[in-house]
Structures are given as structure tokens and as C-alpha cells.
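Observations on the model geometry
Chain by chain, the residues:
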Amino acid sequence: MPSFICHALRFVLDCYGSRCEMIRYVRGILRELREGMVLVEAGGLGYGIHVPASLLPALPPPGEEVKIHTYFSVREDAMELFGFLTAEDRDIFVRLLGV
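What counts and how
- Residues numbered from 1 in each chain as written.
- Predicted model: local features only at pLDDT ≥ 70, side-chain atom pairs only at ≥ 80, totals over all residues.
- Heavy atoms only, no water.
- Core = buried A, V, L, I, M, F, W, Y, C linked by side-chain atoms within 4.5 Å.
- Buried < 20%, exposed > 50% of the residue type's maximum accessible area, 1.4 Å probe, protein only.
- Helix = DSSP H or I, 4+ residues; strand = E, 2+ residues; numbered from the N terminus.
- Contact = heavy atoms within 4.5 Å.
- Pairing = 2+ DSSP bridges.
- Salt bridge = Lys/Arg side-chain N within 4 Å of Asp/Glu carboxyl O.
- Arc of directions from axis to C-beta.
- Axes fitted to C-alpha atoms, helices over the stretch in contact; angles between N-to-C directions.

**Details of the nonpolar core**
Core analysis: the biggest nonpolar cluster contains 15 residues, and Val 38, Val 40, Ile 49, Leu 59 and Ile 68 have the highest contact counts within it. When residues of this core are traced back to their parent elements, those giving at least two are strand E1 (25-34), strand E2 (37-42) and strand E4 (65-74). A total of 4 residues in this core trace back to one element, the largest contributor, which is E4. Ignoring sequence-local partners within four residues, the contact set of Ile 68 consists of Tyr 25, Val 26, Val 38, Val 40, Ile 49, Leu 59, Gly 83 and Phe 84.

Structural data, given as C-alpha cells:
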């Protein structure tokens, strides 16, 4: 097995069930707004980020640059990004996960 795959698998296993801080924010071009999700293109990749409805009115229109603070959730059945307007909002979310 190629070493980069071993490193990626080790990372996922290390993050599983813990607070993985791999992707702290995404800055790029807002490509799509949907209920509960945005698509941000950054570095040639499209990041699907779950966002609360309260965040949508604060975002620029598609085609504009945006910075979304994120929490990277790793579970047995999914890897997901959750987005927030500020780092403080993200940190509150992370604290609530620990309750």
C-alpha cells in the first residue's frame, strides 16, 4: 500500500471519535448556496460545508470570496465539514459537542 494512503488512514483513525482540527477554515469562491449547505471552491476543490440557516444571509452572493470557519467531523460512517461565520461560533459548537 502506498505510504500516503497509510498516512491518510492513520490520520483518520487518530481523528475518529476525537476533535480533529485538520480544516479550521475554508477561504475561496462561494459557488452555491443551498438550504443547510454551501459549496466553496478553494485550491481547485469544491468543499460542501453544512451551515446553519442563520449564516446564509450573512454570506456574499455566489461568485464572491468567502471565509468560513469549519469543524471537521470524522465518524465511522461519514466525514463532514460544519461551517460558522466566526471562530468563536465554531468553538462554542465544539464545546457543545463535549456536553
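**Focus: the pairing of strand E5 (residues 79-84)**
In this sheet, E5 lies alongside strand E3 (residues 45-50) in parallel orientation, the contact comprising 2 bridges. Looking across to E5, one finds that Ile 49 is bridged to Leu 81. Note that E4 and E5 share 6 bridges and pair antiparallel. Paired with Val 74 across the bridge in E5 is Met 79. Counting the residues in the hairpin turn of E4 and E5 gives 4 residues.

**With respect to the pattern of salt bridges**
In this structure the tally under the stated criterion is 5 salt bridges. Put simply, Asp 77 and Arg 75 hold a salt bridge, and the shortest N to O gap is 3.2 Å. Looking at Asp 77, the relative accessible area reads 63%, which means it is exposed. Among the ionic pairs, Asp 91 bridges to Arg 90, the shortest N-O distance being 3.4 Å. In this structure Arg 90 comes out as buried when scored by relative accessible area, which is 4%.

**Examining the environment of Val 94**
By the element assignment, Val 94 lies in helix H2 (residues 87-97). Taking the C-alpha atoms as reference points, Val 94 and Tyr 71, 23 residues apart in sequence, are found 7.7 Å from one another.

**Considerations on H2**
Restricting attention to buried positions, one finds in H2 the residues Ala 87, Arg 90 and Val 94. When H2 is viewed along its axis, its buried side chains cluster within an angular range of 60° and face the same direction. When the buried face of H2 is taken as reference, the exposed residues oriented beyond 90 degrees from it are Glu 88, Arg 95 and Leu 96. Of the surrounding elements, those touching the buried residues of H2 are E4 and E5.

**Examining the sheet that holds E2**
Around the barrel, 5 strands lie side by side as E1-E2-E3-E5-E4; this closed barrel has mixed pairing. Across the sheet, the axes of successive neighbouring strands diverge by a mean angle of 55°, strand direction being ignored. Of the pairings in the sheet, the one linking E1 to E2 comprises 5 bridges and is antiparallel in character. Pairing of Leu 33 across the sheet is with Val 38, part of E2. On the sheet, H2 packs against E4 and E5 and is oriented at approximately 15° with respect to E4.

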